Amino acid sequence: MALHVELRGSGPPVVLLHGFTQTGRLWGRFGQRLADSFTLVALDLPGHGGSDAVRADLPATARLVAEVARDAVGDAPCIFLGYSQGARVALHVLTRVDLPVRVSGAVLIGASGGIEDPAARAERRRADEARADELEASGDLTRFLDSWLRGPLFERLGAEAERDERLRNSPSGLASSLRLCGTGTQEPLWDAVRGLPCPVLALAGTDDTRFAAHALRLARLAPLGVASLIPAGGHAVHLSQPDHAGRIVDHWLRAVDPTLAG
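Basis of the calculations
- Residues numbered from 1 in each chain as written.
- Predicted model: local features only at pLDDT ≥ 70, side-chain atom pairs only at ≥ 80, totals over all residues.
- Heavy atoms only, no water.
- Pairing = 2+ DSSP bridges.
- Helix = DSSP H or I, 4+ residues; strand = E, 2+ residues; numbered from the N terminus.
- Axes fitted to C-alpha atoms, helices over the stretch in contact; angles between N-to-C directions.
- Contact = heavy atoms within 4.5 Å.
- Core = buried A, V, L, I, M, F, W, Y, C linked by side-chain atoms within 4.5 Å.
- Buried < 20%, exposed > 50% of the residue type's maximum accessible area, 1.4 Å probe, protein only.
- Phe/Tyr/Trp six-rings, centres within 6.5 Å; stacked < 30°, edge-to-face > 60°.
- Lys NZ or Arg CZ within 6 Å of the ring centre and 35° of its normal.
- Parallel < 35°, antiparallel > 145°, perpendicular 65-115°, else oblique.
- Nonpolar A, V, L, I, M, F, W, Y, C, P; charged D, E, K, R; others polar.

Enquirer: Any chance you could explain the sheet that holds strand S3 (residues 39–43) here in plain terms?
Expert: Each strand in a sheet pairs with its neighbour through backbone hydrogen bonds, running either in the same direction (parallel) or in the opposite one (antiparallel). An order of S1-S3-S2-S4-S5-S6-S7 is seen for the seven strands of this open sheet, with the pairing classed as mixed. Two strands in the sheet have a free side with no partner beyond their single neighbour: strand S1 (5–9) and strand S7 (225–230). Sheet twist, expressed as the average angle between the axes of neighbouring strands with direction ignored, equals 20 degrees. Where S1 meets S3, five bridges bridge the pair, whose relative direction is antiparallel. Bridging from a neighbouring strand, Gly 9 pairs with Thr 39 of S3. Strands in contact with helix H3 (residues 85–94) are strand S2 (13–17), strand S4 (78–83) and strand S5 (103–109); relative to S5, the strand with the most contacts, it is inclined by about 150 degrees.

What follows is the structure, encoded as structure tokens:
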């Protein structure tokens with residue numbers, strides 16, 4: 001089953017991979033800025049939005065994403081831009097050579113290369129499965145989202161959280177995403193990052209300390225990697241500080257290839 005995709009904007013292609021509980025439409029003013037210079041290939045990841053019925057783990061999701069990108073833009077090289085769960089999906093695309101897509105670079109926002117300690121990874125998987133069980137049992141998406149958005153990762157967001165758009169999701173779809181693509185399911189990719197051939201920008205907010213550290217580590221490991229930390233930024237820094245994040249991404253794109261951003 002193919003993933004739902006929507007195209008907007010014009011110019012070189014950028015594949016957008018959203019975070020958990022979001023959809024391909026939830027990029028706010030940051031996405032609007034990108035659409036001025038790029039064709040945005042905005043996907044709904046498995047278990048989300050128009051891809052609600054799709055069930056896939058991270059490696060399978062990477063293949064589905066690559067196939068959608070190829071079908072949307074043909075053989076044109078793509079920038080992959082992923083946030084949180086979407087950034088982890090992007091890393092799976094970047095670190096595989098058997099996928100039918102040409103990658104010219106990647107922007108990773110709030111990314112992680114995975115939990116390296118097996119016990120900690122197993123504990124996170126149990127926690128996500130318990131959260132998925134609770135969501136399915138209650139069937140109360142509104143209460144789940146209210147609790148999710150009250151968490152420390154999203155305390156900077158107000159209207160930018162676009163709660164109504166998140167309500168397009170379903171309890172069963174989000175539960176499947178937690179079970180199949182949650183952080184605890186991800187095998188560590190830190191070593192694979194050392195072999196990435198394309199430029200990588202790792203972006204995070206300084207106040208999102210864990211993911212800021214991940215961004216710096218990704219930049220150190222990737223041969224063509226750089227990190228940028230936005231002062232006083234939280235986890236969804238592209239939503240809470242869209243203009244600042246947009247300027248950084250635009251500057252990086254121009255530095256990577258001056259023809260990309262016009």
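Enquirer: Help me out: how do you make sense of the nonpolar core in this one?
Expert: Across soluble globular proteins, nonpolar side chains show a tendency to be buried alongside one another. Within the largest apolar cluster, 42 residues are counted, with the highest numbers of intra-cluster contacts made by Val 15, Leu 17, Val 65, Phe 80, Val 101, Leu 108 and Leu 218. The element best represented in this core is helix H2 (residues 58–73), accounting for seven residues. Every residue in contact with Val 101, bar those within four places of it in the chain, is listed here: Ala 66, Ala 69, Cys 78, Phe 80 and Val 93. The next biggest cluster of nonpolar side chains, apart from the first, holds 30 residues, and it includes Leu 16, Phe 38, Leu 203 and Val 249.

Enquirer: How should I be thinking about the packing of aromatic side chains in this particular structure?
Expert: Any aromatic ring pair is given by two values, namely how distant the centres are and how the planes are angled relative to each other. Counting across every chain of the model gives five aromatic pairs. Measuring from centroid to centroid gives 5.7 Å for Trp 148 and Phe 154, while their planes differ by 35 degrees, and the two rings are tilted. Directly above the ring of Trp 190 sits Arg 217, whose terminal nitrogen or CZ lies 4.1 Å from the centroid.

Enquirer: I would appreciate a short explanation of the packing of H2 against H3 in the present structure.
Expert: Each pair of packed helices can be summarised by the angle the axes make with each other and by the distance between the axes. Interaxial distance between H2 and H3 falls to 9 Å at its minimum, and their mutual angle equals 75 degrees. By the angle between their directions, the pair H2 and H3 is classed as roughly perpendicular. On H3, the residues touching Leu 58, Pro 59, Thr 61, Ala 62 and Val 65 of H2 are Arg 88, Val 89, His 92 and Val 93. Among the residues making up the contact of H2 with H3, the classes are represented as six nonpolar, two polar and one charged.

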